[in-house]
Amino acid sequence: MIKVRNISFSYSKNIILENICFDLFPGECLGVLGNNGAGKSTLITCLNKILLPKTGEMYIEGQDIMKMGRLETARRISYVAQKNEIGQVTVFDSVLLGRKPYIKWTISREDIDICNAVIEQMGLSPFKLKFLSQLSGGELQKVMLARALVQQPKLLLLDEPTSNLDPKNQYEMLSLILKQARERNICVLIVIHDLNLALRFCQKFLFLKNGNVYRYGDESIVTEETILAVYGIKTTIAKVSGRKIVVVDKEV
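The present account deals with the structure reproduced in this document. (Residues numbered from 1 in each chain as written. Predicted model: local features only at pLDDT ≥ 70, side-chain atom pairs only at ≥ 80, totals over all residues. Heavy atoms only, no water.)

### A closer look at the side chain of Asp159
And step 1. Within the element layout of this structure, Asp159 appears in strand β7 (residues 155-159).
And step 2. In this structure Asp159 is buried but unpaired, with Lys40 as the nearest side chain of opposite charge at 7.5 Å.
And step 3. At a separation of 3.0 Å, a polar atom in the side chain of Asp159 contacts the side chain of Ser41.
And step 4. If we skip the residues at most four places from it in the chain, Asp159 touches Ser41, Ile44, Tyr79, Val80, Ala81, Gln82 and Val191. (Helix = DSSP H or I, 4+ residues; strand = E, 2+ residues; numbered from the N terminus. Buried < 20%, exposed > 50% of the residue type's maximum accessible area, 1.4 Å probe, protein only. Lys, Arg positive; Asp, Glu negative; His and termini not counted. Salt bridge = Lys/Arg side-chain N within 4 Å of Asp/Glu carboxyl O. Polar contact = N/O pair within 3.5 Å; in protein donor to acceptor, adjacent residues only side chain to side chain. Contact = heavy atoms within 4.5 Å.)

Structure (structure tokens):
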């Protein structure tokens, strides 16, 4: 279980996040939503200690994240950034980098086996010896997710994992994330802009507005009123095949 209480962050006097609170259980996906500049990416970088919160507490399985060393943090929390550098590195070697928190003097048979297993689960076996520069956007995103999974984390942080992907790859990527979260009992936090994708794949929602929590809860909080308050757009919420969808009104 992930427990976050009253996390605040600021640059000098510029408040970016204020009193952020939420809980997340294994197998759940939390969608973090809000306009650009609301503090979504800052929240992720506070959770993995790239940035240190000014105040607040964060716990993972009852242990204080802020008191963990860098190695222990890397074994518990993995992070997939919105943009990743592409070099002349093979898929296998890129995924193997995710084992860095566990590698001591040399790469073990266990490290190799874990990488091969995740590569196969992600459908990346045909690309194992290809360079990252030879991959499509969807394939590259799967490699980044595979690298994060071989860390064997308890918390997976994803910053817009479907950006620049076509609808088919968006669906495949989020389906993989949800499947892996449930099979591995991982808590997943996703910064995401597409409300309908969030409704399809997330079980909890955290709406940020001006660095504060505007709403937090299950899909019942995703309402026309919330969307208007957070995004400033009028929408209609309907149900199609039993699922909630958001439709932007014509006059917008």
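Next, the rest of the story.
### A short note on the pairing of strand β4 (residues 55-60)
Two faces make up the sheet, and in a regular strand the side chains alternate between them.
And step 1. The pairing of strand β1 (residues 2-11) with β4 spans five bridges and is antiparallel. In the strand pairing of β4, Lys3 is matched with Tyr59.
And step 2. Summarising the sheet, β4 and strand β5 (residues 63-64) pair through two bridges and their orientation is antiparallel. Looking at the pairing, Ile60 lines up with Gln63 of β5.
And step 3. Between β4 and β5, which pair antiparallel in sequence order, lie two residues; one of them, Glu61, sits at a positive phi of approximately 50°. (Pairing = 2+ DSSP bridges.)

### Re the pattern of salt bridges
And step 1. Taken as a whole, this structure holds 10 salt bridges when the rule is applied.
And step 2. In this structure, Glu61 and Arg76 form a salt bridge, with 3.5 Å as the shortest nitrogen-oxygen distance. Of this pair, Glu61 sits in the loop between β4 and β5 while Arg76 sits in helix α2 (residues 70-76), placing them 15 residues apart in sequence.
And step 3. Look at Glu61 and you get partly exposed, because its relative accessible area is 45%.
And step 4. Arg99 is the salt-bridge partner of Asp111, the closest N and O atoms lying 2.9 Å from each other.

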